[in-house]
Amino acid sequence: PWCTSKGFDYSGPVGALVPAQNFDISGKNIELKVNGERKQFSELSKMIWNCNEIVAHISSFHTMQPGDIIFTGTPAGVGALKPGDVCEVLVEGLPSCVFKMAK
């Protein structure tokens, strides 16, 4: 069920792309707000695998190219969104990603 529940049209909004070598996740947090209310929050250091481990693992199955995007899991607090909800994803030190849920 995860593939169809997470892999529908327009289900992967992406903010500004920043080259990995230009950003260090050390000590940074990730947060999701829905309609201004914090729904998810965690320290990036709590990821089960670090970025290098994730890329190494995926690269053993798929050819990776510059610009490829890897989607991982999210912190606790996952919940349903409805049309009209305004979502803001924040990672300290990066531009935020804001989008409004459509139909």
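Below: a short report on this structure. All residue numbers here refer to positions counted from 1 along the written sequence of the relevant chain. The predicted nature of this model means local features are confined to residues of pLDDT at least 70 and side-chain atom pairs, given and counted, to a pLDDT of 80 or more, with totals for whole chains, interfaces and linings taken over all residues. To get the side-chain values, all heavy atoms of the structure are used, and hydrogens and water are removed first.

Turning next to the sheet that holds strand β1 (residues 29-34). Strands are labelled as partners when DSSP assigns at least two bridges between them. Secondary structure elements are defined from DSSP: runs of H or I of at least 4 residues count as helices, runs of E of at least 2 residues count as strands, and each element is numbered from the N terminus. The four strands are arranged β2-β1-β3-β4 in an open sheet whose pairing can be described as antiparallel. In this open sheet, the two edge strands, each paired with only one partner strand, are β2 (37-43) and β4 (97-100). Strand after strand, the sheet turns through a mean of 10° between neighbouring axes, direction not considered. By the bridge criterion, five bridges tie β1 to strand β3 (residues 86-91) in an arrangement that is antiparallel. From the neighbouring strand, E31 faces β3, where its bridge partner is L90. Axes here mean lines fitted to C-alpha atoms, for a helix over just the part in contact, with angles spanning 0 to 180 degrees between N-to-C directions.

With that out of the way, let us pick up the pattern of salt bridges. We define a salt bridge as a side-chain nitrogen of Lys or Arg found within 4 Å of a carboxyl oxygen belonging to Asp or Glu. Overall, the coordinates contain three salt bridges when judged by the stated rule. The shortest N-O distance in the salt bridge between R38 and E31 comes to 2.9 Å. Between buried and exposed lies partly exposed: a residue is buried under 20% and exposed over 50% of the maximum accessible area for its type, with that area taken using a 1.4 Å probe on protein chains only. With a relative accessible area of 47%, R38 lands in the partly exposed category. Residue classification places E31 among the buried positions, given a relative accessible area of 14%. With its nearest N and O atoms 3.3 Å apart, the salt bridge here joins D85 to K82. Accessibility expressed as a relative area gives 52% for K82, which makes it exposed.

Turning our attention to the state of the cysteines. Any two cysteine sulfur atoms within 2.5 Å of one another count as a disulfide. By the definition in use, this model includes zero disulfides. Residue C87 stays outside any disulfide, its sulfur separated by 9.0 Å from that of C97, the closest cysteine.

Let's shift gears to the side chain of Q40. Position of Q40 relative to the elements: it lies in strand β2. Side-chain polar atoms of Q40 contact the backbone oxygen of P75, separated by 2.5 Å. Contact criterion: two residues are considered in contact whenever any of their non-hydrogen atoms come within 4.5 Å of each other. What Q40 contacts, discounting residues up to four positions off in sequence, is I30, E31, L32, T74, P75, A76, G77 and V78. Think of a polar contact as two N or O atoms within 3.5 Å of one another; within protein, one of them needs to be a possible hydrogen donor and the other a possible acceptor, and neighboring residues in sequence only count if both atoms come from side chains.

Here the focus is the pairing of β4. Two faces, one strand: in a regular strand the side chains alternate between the faces of the sheet. With four bridges connecting them, β3 and β4 associate as antiparallel partners. Paired with E88 across the bridge in β4 is V98. Count of turn residues in the β3/β4 antiparallel hairpin: five residues, of which G93 carries a positive phi of about 90°.

Further remarks concern a nonpolar patch on the surface. In this analysis, a patch consists of residues with relative accessible area above 30% that form no salt bridge, clustered at 9 Å for like charges and at 5 Å for the nonpolar side chains Val, Leu, Ile, Met, Phe, Trp and Tyr. Each accessible area is a Shrake-Rupley result for a 1.4 Å probe, and residues are judged covered by the shown protein chains and nothing else. On the surface, V14, L17, I69 and F71 cluster together into a nonpolar patch covering about 420 Å² of accessible area. Its place among the elements puts I69 in the loop between α2 (51-59) and β3. With a relative accessible area of 43%, I69 lands in the partly exposed category.

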